[in-house]
Amino acid sequence: WEQSRIGEKFFSEEVLASIPLIKDPEQAFRFLKFLRNGPDLSHPSEKSIQEFNFILPKIIAKCGQVPSPGKAIENLSQFVEAIGARESFLPLFQANEKFLELLLILFGSSEFLSQILIKRPEFVDLLTNVDSIYKFKTPEKLSEDLKKYLSVEPSFSSKAILLRRFKQEEELRIGVRFLIEEADLEGTLADLSNLADVYLEAAFNTACEELNRKNQKTVEGKFCVIGMGKLGGKELNFGSDLDVIFVHDGPQENSGLHYATLSQLIYKLTSEITEAGFAYKIDTELRPEGEAGVLVLPIEGYERYFKSRARIWEQQAMVRSRLVAGNKEVGKKFLKVAHDFVFQKNFEYSSLIEISRLRDRMELELAQEKNKGKNVKLGFGGIADIEFIMQILLLIHGKKNPRLRETNTLRVLNVFVEHGMIDQVNADQAKENYLFLRRLECSLRIIREKPSNNLPRDTQDLAQLARLMSYKGDNADLLASALKKDYEKHTKQMRKYYSDTIGKLLRTGPRSTS
């Protein structure tokens, strides 16, 4: 009773306005009233109001620590409404403060992840499952769980729904582990990449089953999915598209239609919007001829294209190619062809110039930082700088040094250091800059519902982003200033490393070493 009376004093807009970094205390108070009273015309019991008053000081205290206090209150209220059990959850919050704290961390840190839970409130069970949150889940365990998940539904359309829900629940689990620092950045990106691999393998198997059910030719033995970009590098982020190409090794006569149908089914299982939304946006523009080309090609078709008219940017993109689903032998055979194309005896000086010009164009034409704000991925000193450096060095040295052929940016950096080809001091600074920018990118992609690569210009938004990045303090101006200062430092260092490396190669010419 005494704690309930104390809690009642916290129920005011003025108290909310005193919380650091809150943007709209008036709106937050409306949601707080809804959390206490329920929907309009409802009549909360005296017991439920006492339970609310008991937990209110804890809500206010935790909101003072999360990046977006107003969103924490708003999303908590919307979640309780979505689950339709307000009278049950208030005493649950009272009895299990750790659960309430975990919800407020989620709801006050990531709108992207919060919306997953609000739209699918039954996913809340994973937040109360210690093993789900605090234990690492291997790709094998992910695959096993997904197979069990899909086994209860026989139809293609129902499996399409289950696949999406599995992905959403796992992405939420991975995100919560990241927010509570149970998994670091590198582990989180690897977890997200493993999830995509497992998803695509399941989509491939489901598509094969559907083709067989329709009595079409069995084709699963001669087909694979190759991951490119961040998927190929096992560096996938929250909300990332999947860059893939489809490959087959079947007989030429009449088989193209079968493999095209299989590719389209995988695309449908992954990217088509259903009642459960979509899982991933599949991007196949890295295939020969891009959007103008066919969706799937035989290995011989890729080989002919690579030898006849593939461009230098396609050679660079293939550096990160990796088998992610389908037949391993087909994948191995394709990667041999791809590596013969990528890692050539001589890397031409003109190719180096063309790639450096491509990086300049990305910054100027795609990032457009003067109009759109700082772009952590493509802008000045952004993530693309170190990605381009590592990819150029692989193109130069990968032919004579097969052990250098890694697809993950940090693993490439480490293996060059191990071979004495990059100075340890330079590598350490490059890694520090890269991890700062990738963590910032990760934060930008989850703090709002729609992922972004651009730093916000609003001071309050920057301060909330800084707090998500673990900056300490309550003053919005100081938090925003500290983040901008660090961003400028890391991007300047990254650009210097990029310019020095490219400049040296342009002066001396690209030479491979044995």
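The sections below set out a description of the structure shown in this document. (Residues numbered from 1 in each chain as written. Predicted model: local features only at pLDDT ≥ 70, side-chain atom pairs only at ≥ 80, totals over all residues. Heavy atoms only, no water.)

The next subject is the layout of surface pockets. The space that makes up the largest pocket amounts to roughly 1800 Å³. If you go around the largest pocket, you meet 48 residues; those closest to its centre are Ser-240, Asp-241, Asp-243, Asp-283 and Lys-377. Of all the secondary-structure elements, those providing two or more residues to the lining of the largest pocket are helix H8 (111–119), helix H11 (156–179), helix H13 (229–232), helix H16 (312–317), helix H18 (349–367), helix H20 (383–397) and helix H22 (424–447). When its residues are assigned to classes, the lining of the largest pocket shows 19 nonpolar, 10 polar and 19 charged. (1 Å grid on protein atoms, 1.4 Å probe; cavity = no way out; pocket = protein on both sides within 12 Å on 5 of 7 lines; lining within 4 Å. Points joined across faces, edges and corners; volume = space filled by probe spheres on them. Helix = DSSP H or I, 4+ residues; strand = E, 2+ residues; numbered from the N terminus. Nonpolar A, V, L, I, M, F, W, Y, C, P; charged D, E, K, R; others polar.)

Moving on to unusual backbone geometry. Even without being a glycine, Leu-21 presents a positive backbone phi close to 70 degrees. Residue Leu-21 is classed as buried on the basis of its relative accessible area of 5%. With a phi angle near 45 degrees, Gln-368 is a residue other than glycine that sits in the positive phi range. Looking at the element boundaries, Gln-368 is found in the loop between H18 and helix H19 (369–372). Under the relative-accessibility criterion, Gln-368 is labelled partly exposed at 29%. (Buried < 20%, exposed > 50% of the residue type's maximum accessible area, 1.4 Å probe, protein only.)

Where H22 contacts helix H23 (residues 459–468), the two axes come as close as 10 Å, and the packing angle between them is 120 degrees. Compared by their axis directions, H22 and H23 come out oblique. In this structure, H22 crosses over H23, and the sense of that crossing is right-handed. The residues of H23 that touch H22, namely those facing Arg-439, Leu-440, Ser-443, Leu-444, Ile-446 and Ile-447, are Gln-464, Leu-465 and Leu-468. Its residues assigned to classes, the contact of H22 with H23 shows six nonpolar, two polar and one charged. (Axes fitted to C-alpha atoms, helices over the stretch in contact; angles between N-to-C directions. Parallel < 35°, antiparallel > 145°, perpendicular 65-115°, else oblique. Left-handed = near helix turned anticlockwise from the far one by under 90°. Contact = heavy atoms within 4.5 Å.)

With that settled, consider the packing of aromatic side chains. What the rule picks out here adds up to 18 aromatic pairs. With a centroid separation of 6.5 Å and an interplanar angle of 55 degrees, the aromatic rings of Phe-306 and Phe-334 are classed as tilted. With Phe-306 in helix H15 (residues 299–308) and Phe-334 in helix H17 (residues 328–342), the pair connects residues that are 28 residues apart, well separated along the chain. The exposure class of Phe-306 is buried, given its relative accessible area of 10%. Through a chain of ring-to-ring contacts, the aromatic side chains of Phe-79, Phe-89, Phe-93, Phe-99 and Phe-107 assemble into a single cluster. One residue, Lys-58, lies across the ring of Phe-54, its end atom 4.5 Å from the ring centre. Sitting above the plane of the Tyr-280 ring, Lys-167 keeps its charged end 4.6 Å from the centroid. (Phe/Tyr/Trp six-rings, centres within 6.5 Å; stacked < 30°, edge-to-face > 60°. Lys NZ or Arg CZ within 6 Å of the ring centre and 35° of its normal.)

Where burial is concerned, most of strand E1 (residues 223–227) is hidden: five out of the five residues are buried. Burial along E1 is two-sided: the face carrying Phe-223, Val-225 and Gly-227 and the face carrying Cys-224 and Ile-226 are both buried. In this structure, E1 lies alongside strand E2 (residues 242–248), joined through five bridges in antiparallel fashion. Within E2, the position partnered with Gly-227 by the bridge is Val-244. (Pairing = 2+ DSSP bridges.)

Along the chain, Lys-374 falls in the loop between H19 and H20. Spatially, the C-alpha atoms of Lys-374 and Phe-107 are 26 Å apart, while their sequence positions differ by 267 residues. With sequence-adjacent residues up to four places away left out, Lys-374 is seen in contact with Glu-369, Asn-453, Asn-454, Leu-455 and Tyr-487.

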